[in-house]
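# Descriptive structure summary
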Amino acid sequence: MRLRTGSAAALLLIASHCSAMRPSAAAERAYASYVARLEMRLGRQHASPGTYLAVLNLERPERTDAERHLLSGGLRIEPVHGGTWTVHGALMHHWRGQAFVPGATAKEMLAVLRDYKHFPRYYAPEVVSARVLAQHGRFAMVEIRFKQQMAITIVLDAEYRVETALTASTRGYSISRSTHIWQIDQPGTAHERRLAAGQEDGFLWNLNSYWSFIQWRHGLLMECEAVSLTRSVPWGLGWLIEPIIEDLPRTSLQFTLRATEDALAGARKETLQ
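In what follows, the accompanying structure is described. (Residues numbered from 1 in each chain as written. Predicted model: local features only at pLDDT ≥ 70, side-chain atom pairs only at ≥ 80, totals over all residues. Heavy atoms only, no water.)

Evaluated as defined, the whole model comprises five aromatic pairs. Measuring from ring centre to ring centre gives 5.5 Å for Tyr 116 and Phe 119, while their planes differ by 65 degrees; the resulting arrangement is edge-to-face. The aromatic ring of Trp 182 is capped on one face by Arg 194, whose charged end is 3.9 Å from the ring centroid. (Phe/Tyr/Trp six-rings, centres within 6.5 Å; stacked < 30°, edge-to-face > 60°. Lys NZ or Arg CZ within 6 Å of the ring centre and 35° of its normal.)

This brings us to the nonpolar core. Looking at soluble globular proteins, one finds that nonpolar side chains tend to be buried together. Among the nonpolar cores identified, the biggest contains 40 residues, and Met 109, Phe 119, Ile 144, Phe 213, Met 222 and Leu 264 are the most heavily contacted of them. With residues near it in sequence (within four places) discarded, Leu 264 still touches Val 101, Ala 104, Glu 108, Met 109, Val 112, Leu 220 and Met 222. By size, the runner-up hydrophobic cluster in this structure holds 27 residues, among which are Leu 53, Ala 90, Phe 100 and Ile 175. (Core = buried A, V, L, I, M, F, W, Y, C linked by side-chain atoms within 4.5 Å. Buried < 20%, exposed > 50% of the residue type's maximum accessible area, 1.4 Å probe, protein only. Contact = heavy atoms within 4.5 Å.)

Positionally, Asn 208 belongs in strand S8 (residues 206-215). Polar contacts involving the side chain of Asn 208 include one to the side chain of Tyr 210, which spans 3.0 Å. With near-sequence residues (within four places) excluded, Asn 208 lies in contact with Tyr 31, Val 35, Glu 39, Ser 176, Arg 177, Ser 178, Glu 225, Ala 226 and Val 227. (Helix = DSSP H or I, 4+ residues; strand = E, 2+ residues; numbered from the N terminus. Polar contact = N/O pair within 3.5 Å; in protein donor to acceptor, adjacent residues only side chain to side chain.)

Bridge count between strand S1 (residues 76-87) and strand S2 (residues 90-102): eight bridges; the pairing is antiparallel. Directly across from Thr 84, in S2, lies its bridge partner His 93. Linking two consecutive strands that pair antiparallel, namely S1 and S2, is a turn of two residues; a positive phi of about 50 degrees is found at His 88 within it. (Pairing = 2+ DSSP bridges.)

Quick look at helix H2 (residues 25-45) now. Spacing of three or four residues puts side chains on the same side of an α-helix, whose turn is 3.6 residues. The terminal C-alpha atoms of H2, which comprises 21 residues, lie 30 Å apart, in line with the 30 Å expected from a rise of 1.5 Å per residue. Listing the buried residues of H2 in full gives Ala 27, Tyr 31, Tyr 34, Val 35, Leu 38, Leu 42 and Gln 45. Seen end-on, H2 carries its buried residues on one side only, within an arc spanning 95 degrees. Projecting away from the buried face of H2 at angles above 90 degrees are the exposed residues Arg 29, Met 40 and Arg 44. For H2, the elements touching its buried residues are S1, S2, S8 and strand S9 (219-231). (Expected span 1.5 Å × (residues − 1). Arc of directions from axis to C-beta.)

What follows covers the pairing of strand S5 (residues 153-168). Judged from the 12 bridges that link them, S5 and strand S6 (residues 171-185) form a sheet pairing that is antiparallel. Counterpart to Thr 164 in the pairing with S6 is Ser 174. Counting the residues that bridge the hairpin from S5 to S6 gives two residues.

Along the chain, Ser 252 turns up in helix H6 (residues 238-272). A relative accessible area of 6% means that Ser 252 is categorised as buried. Along the backbone, Ser 252 and Trp 95 are 157 residues apart, and their C-alpha atoms lie at a distance of 9.7 Å.

So, on to the pattern of salt bridges. Scanning the model with the defined rule gives 14 salt bridges in all. With its nearest N and O atoms 3.2 Å apart, the salt bridge here joins Arg 194 to Asp 157. With Arg 194 in strand S7 (residues 193-194) and Asp 157 in strand S5, this pair connects stretches of sequence that are 37 residues apart. In this structure Asp 157 comes out as buried when scored by relative accessible area, which is 5%. Taking the shortest distance from any N to any O, the salt bridge between Arg 258 and Glu 261 comes out at 2.7 Å. Remark: Glu 261 and Arg 258 occur in helix H6; sequence separation between them is three residues, near one turn of the helix. Residue class for Arg 258 comes out partly exposed when judged on its relative accessible area of 32%. For Glu 261, a relative accessible area of 11% gives the class buried. (Salt bridge = Lys/Arg side-chain N within 4 Å of Asp/Glu carboxyl O.)

All right, on to unusual backbone geometry then. With omega at 5 degrees, the peptide bond leading from Ala 124 into Pro 125 counts as cis. Secondary-structure assignment places Pro 125 in the loop between helix H5 (119-122) and strand S3 (127-136). Of note, Arg 217 is a non-glycine position whose phi angle comes to about 50 degrees, a positive value. Note on placement: Arg 217 falls in the loop between S8 and S9.

That's the geometry; what it means functionally is another story.
Below is the structure:
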């Protein structure tokens, strides 16, 4: 998942107005409750091939404008519940996107999503490193380092509990839940350290990603939903920062979908050689 932090000016303003903070207990409960409802909806959604994706009825014989757009190589990206809203002093973000990869299969998609060691290649330059901490069947604990270089450098280490599986030979899913995200102080130096809870600036507190994918019309339809929790906008800077915050999840999801398309295409090319 790509991490973007807006313009250099906005980053500097946020950093200069940030005090060490953590999300309130109420914000964390609101986030947990929201993703629990989302995961219940995804469970119902995955019960039938026709409803496997959130916004497309794949059992209709006629093609909709949305389906024609995807088949022509376009992306569909949309905010869910407005995209960004305030929860107990923090900000919640939820965006969803779809893409179509001609010729790809669910098995190939599963292989890409489980190919953690190559995430730095697939999602460069935002993903710096990735390693598996533990893996058993469809479950894995994965640590990923993200980096965004602008006027200031933001480096985050994120630990995820990941579940990936096929629900049938032609469809599958991935659920990636962040269990901890650390902001890195003085990255790449002898004094590098993970900031303790309450010391970080709140650029990203939680990030869950949900993939649904299904073979359709001689290719693979994939859908990704990203839900995150971040600090609120410092008082008096909303006029500058709010438009950036509202756009970041969309551009981030666009990058992730395109990078995954490229990873799938590259995997297929290697298989055919």
